[in-house]
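# Analysis of the macromolecular model
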Amino acid sequence: MPIPGVTGVDHFGLTVPDLDQAHEFFTEVLGCEYLYRLGPYEHDDSWMSEHLGVDDKAVMRRLHFYRLGGKAIFEVFQYEAPEQNPVPPRNSDVGGHHIALYVEDLDAAVADLHRRGLRVLGEPTTSSGASEGQRWVYFLSPWGLQCELVSYPNGKAFDHRPEAFD
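Everything numeric in this text was worked out from a predicted model, so none of it was measured. (Residues numbered from 1 in each chain as written. Predicted model: local features only at pLDDT ≥ 70, side-chain atom pairs only at ≥ 80, totals over all residues. Heavy atoms only, no water.)

### Let's talk about the overall build of the protein chain
As a reminder, the rule being used: Only runs of H or I of at least four residues qualify as helices and only runs of E of at least two qualify as strands under DSSP, and these elements are numbered from the N terminus. Here, two residues are considered to be in contact whenever any of their heavy atoms come within 4.5 Å of each other. Only the protein chains shown count as cover for residues, with accessible areas throughout obtained via the Shrake-Rupley method and a probe of 1.4 Å. His is not counted, nor are the chain ends; Lys and Arg add positive charge and Asp and Glu add negative charge. The location of each charge is read from NZ of Lys, CZ of Arg, CG of Asp or CD of Glu.
Across its full length, the protein chain holds four helices and eight strands. Counted from the first residue to the last, the protein chain has its helices and strands arranged as β-α-β-α-β-β-β-α-β-β-β-α. When contacts within the protein chain are restricted to residue pairs at least 6 apart in sequence, long-range pairs at least 24 apart make up 52% of them. Summed over all atoms, the accessible surface of the protein chain reaches about 10700 Å², with 51% contributed by carbon and sulfur. Of note, the protein chain has its 13 positive side-chain charges centred 4 Å away from the centre of its 26 negative side-chain charges.

Here is the structure:
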C-alpha cells in the first residue's frame, strides 16, 4: 500500500556550491521562473540532524525556489557544513541522480548548450524498445549537476503499443 494521499511530486531539492551561479543556470539556461528566497538557517542544537539529516553545525546560507514550465519546482540550497562533499555523485553512485528535461527540438537544444560552453556528454542517443521514438543526451551544469534532454515528438513505442511492453 502506498503512503495514504500521495498525489504527485511537489518539488525537487538540490544543493549547489554557489547559489548565484545556480541562479543564472536555472533562469538563463533552463528558463525557470525565480519565485523567492529564504535563509539563512542555523541552529545551536540538534535540529539540523533531526529534521534534515545533516551535521548539526551545518548552515543553510540561502535557498531559492524556481518554477519550470509552470509546473516543476526546484528548491535550491547553498550549505556550509563540516565534511561537506563538494563532488556531485555520478549516476552510478548511491544517491546518484539527474534531471530530465523535455525539449521539442533536441538538435537545436544541444547546439544551444554548446554555444553556452556547457559540457555535453556524447552525441544524442536514439532509444529502442519501449522508448523507441525518443532521443536523449546528458549535459552538465557549471557545477556538475547531471541533466538530460529528452525528446519524443511523436510519442514513444510504449505510447502506441503498451501491450507489447508489459
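### Things to note about unusual backbone geometry
In this structure, proline 40 follows glycine 39 across a cis peptide bond, with omega equal to 10°. In this fold, proline 40 is placed in the loop between strand E2 (33-38) and helix H2 (47-52).

### Section: the sheet that holds strand E1 (residues 12-15)
In a beta sheet, neighbouring strands are held together by backbone hydrogen bonds and run either parallel or antiparallel to one another. Just so we agree on the cut-off: Being paired, for any two strands, means DSSP has found at least two bridges between them. Every angle, taken between N-to-C directions, lies between 0 and 180 degrees, and every axis is a line fitted to C-alpha atoms, over only the stretch in contact when it is a helix.
Pairing is mixed in the open sheet, where four strands are placed in the order E1-E4-E3-E2. The sheet is open, and its two edges are formed by E1 and E2, each paired on a single side. In this sheet, adjacent strand axes meet at a mean angle of 25° when their direction is disregarded. Relative to strand E4 (residues 72-80), E1 is paired through four bridges, and the arrangement is parallel. Across the sheet, threonine 15 pairs through a bridge with phenylalanine 77, a residue of E4. Helix-sheet contacts for helix H1 (residues 19-29) involve E1, E2, strand E3 (59-68) and E4, and the interaxial angle to E3 is about 5°.

### Let's talk about the side chain of glutamine 134
Relative to the elements of secondary structure, glutamine 134 occurs in the loop between strand E6 (120-126) and strand E7 (135-140). Beyond its immediate sequence surroundings of up to four residues, glutamine 134 is in contact with Thr125, Thr126, Ser127, Val150, Ser151, Tyr152 and Lys156.

### Section: the nonpolar core
Taken as a class, soluble globular proteins show a tendency for nonpolar side chains to be buried jointly. Where we set the bar: Buried Ala, Val, Leu, Ile, Met, Phe, Trp, Tyr and Cys residues that are joined via side-chain atoms within 4.5 Å together make up what is termed a nonpolar core. Think of it in three bands: with a 1.4 Å probe and only protein chains considered, a residue is buried below 20% of the maximum accessible area for its type, exposed above 50%, and partly exposed in between.
Ranked by size, the top nonpolar core spans 26 residues in total, and within it Phe25, Phe26, Phe74, Val76, Phe139 and Leu149 carry the most contacts. Only H1, E4, strand E5 (99-102), helix H3 (106-115), E7 and strand E8 (146-151) provide two or more residues apiece to this core. Discounting residues that sit within four places of it in the chain, phenylalanine 26 has contacts with Leu14, Gly31, Cys32, Tyr66, Phe74, Val76 and Trp143. Core analysis: the second largest hydrophobic core is formed by eight residues, Met60, Leu63, Phe65 and Phe77 among them.

### Concerning the sheet that holds E5
Strands sit in the order E5-E8-E7-E6 across an open sheet of four strands; the sheet is mixed. A strand with exactly one partner marks an edge of an open sheet, and here the two such strands are E5 and E6. Each adjacent strand pair in this sheet contributes to an overall mean axis angle of 20°, direction not counted. Pairing geometry for E6 and E7, over four bridges, is antiparallel. The residue of E7 that forms the bridge with threonine 126 is arginine 135.

### Overview of H3
A turn of α-helix holds 3.6 residues, and therefore any two residues three or four places apart point the same way. Selection criterion: When we speak of the arc, we mean the arc of directions from the helix axis to the C-beta atoms. Any N or O atom pair separated by 3.5 Å or less is treated as a polar contact, with the protein-specific requirement of one donor-capable and one acceptor-capable atom, and with residues adjacent in sequence counted only for side-chain atom pairs.
Buried within H3 are the following residues: Leu106, Ala109, Val110 and Leu113. Buried residues of H3 fall within an arc of 100° about the axis and therefore sit on the same side. For H3, the elements touching its buried residues are E6, E7 and E8. If you check the start of H3, you find a side-chain oxygen 3.2 Å away from the backbone N of aspartate 107, and it comes from aspartate 105.

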